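# Structural overview for review
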Amino acid sequence: MFTNFKELEAYVLSHKNKKRIVLANAHDEPALSAVVNAHRRGVVDGALLGRKDEILALLREMNEDPAEYEIVDFDGPELDAAKAAVQLVREGKADIPMKGILQTSSFAKAILNRETGLIPASGLVSQCGIFEYEGRFVMITDAAINIAPDVDTQIGIVENALPVANALGVELPKVAVLSAVENVTEKMPSTVSAAEIAKRGIPGCVVSGPLALDGAISMESVKHKGIHDPVAGQADILLVPFIEIGNVLYKSITYIAGKTMASTICGASCPVIITSRADTPDSKYYSILLAVLRCLKA
């Protein structure tokens with residue numbers, strides 16, 4: 001089981017199985033530097049789609065040879081850039097699409113298109129982020145795609161996250177369905193849906209809810225509150241009730257706690273790299289490694 005990003009990196013580097021990334025709107029220093037970093041380490045080859053002159057200038061600033069990359073000159077609407085990147089994957093010219101300097105909504109729209117995107121006919125797509133916490137990886141889902149998922153969709157989001165947990169070496173993930181409290185109350189609908197999800201259960205994992213964040217990941221809090229639950233204090237996956245909670249939690253971990261997050265899209269026909277435009281190069285680099293790991297473990 002991987003417990004930190006350095007272990008994940010060592011595993012991916014040791015396999016020397018290059019994947020080809022297409023970076024949509026690659027004229028973006030943080031995203032491009034992450035691709036360059038991964039390329040220098042032999043993890044990926046890169047197709048860079050965006051404003052060619054700006055991409056070339058950035059590569060030269062990084063002392064990187066532009067001849068090492070395929071550069072596709074493109075200067076148009078964000079959605080069209082995302083669609084062009086997706087099309088390269090559909091044509092087998094790239095393995096993994098990655099978001100550069102464009103809005104998540106535009107990138108997701110291209111991925112989610114039922115006719116021209118990367119979605120199986122009956123597939124549900126969701127986002128999953130991972131971070132290091134007390135000697136293990138903890139996952140958050142979904143902070144970017146599904147706005148207000150119902151119970152069935154939330155179960156599907158967990159099902160999407162399970163292969164990521166398995167790739168990280170967690171055979172039977174513990175899933176905490178988050179709310180603000182551990183008791184069920186009609187005044188807080190997320191507690192009701194959490195209890196229903198826990199009651200129904202999800203094959204391939206142990207799921208409990210509702211659990212507050214401290215009750216999900218802190219054994220000290222669990223002991224203090226007197227919670228007796230197989231997931232409490234040791235959750236591998238945090239299922240948020242709606243996107244606002246996921247987005248705030250994800251960014252709080254990054255900007256307040258100062259931790260590195262890696263992010264991936266689950267449920268598509270291939271791993272998809274989607275990070276915030278403001279995420280650090282390290283976050284984007286480890287997101288690349290997570291996507292390659294998923295390819296290796298598929």
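Overall, parallel pairing links the four strands, which are arranged β3-β2-β1-β4 in an open sheet. Every other strand in the sheet has two partners, leaving β3 (70–73) and β4 (96–99) as the edge strands with one partner each. Between one strand axis and the next, the sheet turns through 20° on average, direction left out of account. Bridge count between strand β1 (residues 19–24) and strand β2 (residues 44–50): six bridges; the pairing is parallel. Along β2, the bridge assignment pairs I21 with G46. Along the sheet, helix α2 (residues 29–40) contacts β1, β2 and β4; its crossing angle with β2, the most-contacted strand, is approximately 155°. This element, helix α4 (residues 78–90), spans β1, β2 and β4 of the sheet and lies at about 165° to β1.

In this model helix α11 (residues 281–297) runs 24 Å from its N-terminal to its C-terminal C-alpha over 17 residues, within 8% of the 24 Å that 1.5 Å per residue would give. All of the buried residues in α11 are S283, K284, Y285, Y286, S287, I288, L289, L290, A291, V292, L293 and R294.

Moving on to the environment of V272. Position of V272 relative to the elements: it lies in the loop between β10 (262–266) and α11. A residue is classified by how much of its surface remains accessible, and V272, at 0% relative accessible area, is buried. Considering only alpha carbons, one finds V272 and S287, 15 residues apart in sequence, at a separation of 9.2 Å. Ignoring any residue separated from it by four or fewer positions in sequence, one finds V272 in contact with P97, F107, I111, T264, I265 and R294.

With that settled, the discussion passes to the pattern of salt bridges. As enumerated under the stated definition, the model contains twelve salt bridges in all. Its salt-bridge partner being E70, residue R20 comes within 2.7 Å of it at the nearest N-O pair. Here E70 lies in strand β3 and R20 lies in strand β1, a separation of 50 residues in the sequence. The closest approach of N and O atoms between R200 and D152, which form a salt bridge, is 2.7 Å. Within this pair, whereas R200 is found in helix α7 (residues 189–200), its partner D152 is found in helix α6 (residues 151–167), the two being separated by 48 residues in sequence. The exposure class assigned to R200 is partly exposed, which follows from its relative accessible area of 45%. We classify D152 as exposed; its relative accessible area is 51%. Beyond isolated ion pairs, a larger network of salt bridges with shared partners links K6, E9 and R41.

This next bit is on the pairing of β3. Relative to β3, β2 runs parallel, the two being bridged by four bridges. If you follow L49 over to β3, its bridge partner there is V72. Handedness of the crossover is the feature at issue here: the chain leaves β2, passes through helix α3 (residues 52–61), returns alongside β3, and the resulting connection is right-handed.

The rules we used
Residues numbered from 1 in each chain as written. Predicted model: local features only at pLDDT ≥ 70, side-chain atom pairs only at ≥ 80, totals over all residues. Heavy atoms only, no water. Pairing = 2+ DSSP bridges. Helix = DSSP H or I, 4+ residues; strand = E, 2+ residues; numbered from the N terminus. Axes fitted to C-alpha atoms, helices over the stretch in contact; angles between N-to-C directions. Contact = heavy atoms within 4.5 Å. Expected span 1.5 Å × (residues − 1). Buried < 20%, exposed > 50% of the residue type's maximum accessible area, 1.4 Å probe, protein only. Salt bridge = Lys/Arg side-chain N within 4 Å of Asp/Glu carboxyl O. Right-handed = clockwise from strand over helix to strand, strands pointing away.

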